[in-house]
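Residues per chain, in single letters:
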Amino acid sequence: MPRPLPEILRIEWPPGQPAPPAATDATLDRAAEVLRRGGLVAVPTETVYGLAANALDELAVEGIFRAKGRPATNPLIVHVADAEMARSLAADWPQAAEAITRELWPGPVTVVVPREERVPLIVTAGGDTVALRCPGHPLARRLIERAGIPLAAPSGNRSERLSPTTAHHVLAGLGNRIDLILDAGPCERGIESTVVDCTTCPPQILRPGPLSRDDLEKVVGPLARRPEDAASTAALARSPGLQARHYAPATPLEMPADPPGRVAQLLAAGHRVGWLVLVADDRSRELAASRDLVAVPMPVDPAGYARQLFATLHALDQRQLDRIVVDPPPAEEAWQAVRDRLTRAARGPGARP
Ligand code: TXA
Ligand code: MG
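Residues numbered from 1 in each chain as written. Chains lettered and ligands numbered in written order. Predicted model: local features only at pLDDT ≥ 70, side-chain atom pairs only at ≥ 80, totals over all residues. Heavy atoms only, no water.

## Concerning the nonpolar core
- Of all hydrophobic cores here, the largest spans 66 residues; its most connected members are Val-113, Leu-132, Leu-143 and Ile-178.
- With residues near it in sequence (within four places) discarded, Leu-143 still touches Leu-28, Ala-31, Ala-32, Leu-35, Val-43, Leu-151 and Leu-182.
- Among the nonpolar cores identified, the runner-up in size contains 23 residues, and Leu-276, Met-298, Ala-306 and Phe-310 belong to it. (Core = buried A, V, L, I, M, F, W, Y, C linked by side-chain atoms within 4.5 Å. Buried < 20%, exposed > 50% of the residue type's maximum accessible area, 1.4 Å probe, protein only. Contact = heavy atoms within 4.5 Å.)

The following block contains the structure:
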């Protein structure tokens, strides 16, 4: 018998309230019980939806890899309720980890630190470091507290596909492979956390994210500019997420130097085209009249753009388009995380050589 689709349970915590409504707490307790028994629960965070399991239960974590089709060589982030829980999972607590977690947690930044022995090796892909994050989303933290266990949680998508920023994205991607989906509406940040390796000197960013290099340097001082500057370059090999194709829509995506020219060319060749527009000008407005073009104006600030990015790509993937064209974002530091996701998407499964 095929497994049924997971239930989607709505949870909420209205701003200004000291505690969530009783119904939400009851739902969180139910989800906590599923997790303690080794089940898989999709959980909202401020970045993207995660697919969570008990980080200390090897079999449960195996279930995450199976549901996602994720290679065993790609380690998972462990989510904690607070810095104290984080320290209990670390064999050593580098100064950089102390500074980042004190100043920026809870929030969209993950620290990589030496692994304490009770963290199963399947979580760290056999490595001697572990990635830890205390989510900014109050409902995610409340779930971890009520479960009383750290939660291993990668993004809740099939491997190499777009990260989910709504409960519906999780359902569409993972469906009956998981036990339960908690729905708290769309994610505030929209892209995955910044990952910082705190085991090197100076520390280094392994994955750009919502907190920028500047945000981090204010707290920890200068970070490695290039991998060669960090004491250990093994870190790069340890973060396969950095090298793999990732975050890709099913529709081939490209980021050409002259987007209006490229869109016109594709339309002339009879293709149906989606276009993420950052710079609207006469040429783009003229093209927008075409029946075969779906042009989406994107927010012109990096945080707003990040919030919309995956949702826009998920939506365009539903439109049976031949190609998605993206205006290249500005070269500034503040756009780095968005540029990173788009560059990977352009290398995605549908990409042409
Ligand atoms: O915002 C986020 O970080 C989301 C939400 C759900 O918290 N999670 C997420 O997980 O993006 P995932 O598995 O999709 O990405 C984890 C990234 C990967 O690039 C992985 O290679 C890296 O973190 N990573 C995990 N453990 C690591 C470790 N011990 N050393 C180096 N990189 C690590
Ligand atoms: Mg992911």
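## Some thoughts on helix H9 (residues 259–268)
- Those residues of H9 that sit buried are Pro-259, Pro-260, Val-263, Leu-266 and Leu-267. Projected down its long axis, H9 shows its buried positions confined to an angular sector of 125°, all on one face.
- Its buried side turned inward, H9 meets strand E12 (273–277), helix H10 (282–287), strand E13 (293–297) and strand E14 (323–326). (Helix = DSSP H or I, 4+ residues; strand = E, 2+ residues; numbered from the N terminus. Arc of directions from axis to C-beta.)

## Observations regarding unusual backbone geometry
- Here the bond from Trp-105 into Pro-106 is cis, since omega is -10°, no more than 30 degrees from zero.
- With respect to the element layout, Pro-106 can be found in the loop between helix H4 (95–104) and strand E5 (109–114).
- In this structure, the amide linkage connecting Cys-201 to the following residue, Pro-202, adopts the cis form with an omega of -5°.
- Phi is positive for Glu-160, which is not a glycine, with a value near 75°.
- Mapped onto the elements of the fold, Glu-160 is located in the loop between strand E7 (151–152) and helix H6 (167–174).

## Structural notes on the environment of Ala-224
- Position of Ala-224 relative to the elements: it lies in the loop between helix H7 (213–220) and helix H8 (234–238).
- A sequence separation of 54 residues divides Ala-224 from Leu-278, and the C-alpha atoms of the two residues are 31 Å apart.

## Describing the domain arrangement of the protein chain
- Its domain assignment divides the protein chain into domain 1 (7–236) and domain 2 (253–350).
- Using only C-alpha atoms to locate each centre, domain 1 and domain 2 end up separated by 29 Å.
- The interface of domain 1 with domain 2 comprises 18 residues on the first partner and 13 residues on the second.
- Of the roughly 1,400 Å² buried where domain 1 meets domain 2, counting both sides, 61% is carbon and sulfur surface.
- Together, Leu-162, Ile-191 and Pro-208 form the three largest contributors to the area buried by domain 1 at its contact with domain 2, with a combined 40%.
- Summed over the shared surface of domain 1 and domain 2, the result is 1 salt bridge.
- Glu-192 is paired through a salt bridge with Arg-341; the nearest N and O atoms lie 2.7 Å apart.
- At the surface where domain 1 touches domain 2, the tally comes to 5 residue pairs in polar contact (both at pLDDT 80 or more). (Domains from an automatic or database assignment. Buried area = accessible area lost by both parts, 1.4 Å probe. Salt bridge = Lys/Arg side-chain N within 4 Å of Asp/Glu carboxyl O. Polar contact = N/O pair within 3.5 Å; in protein donor to acceptor, adjacent residues only side chain to side chain.)

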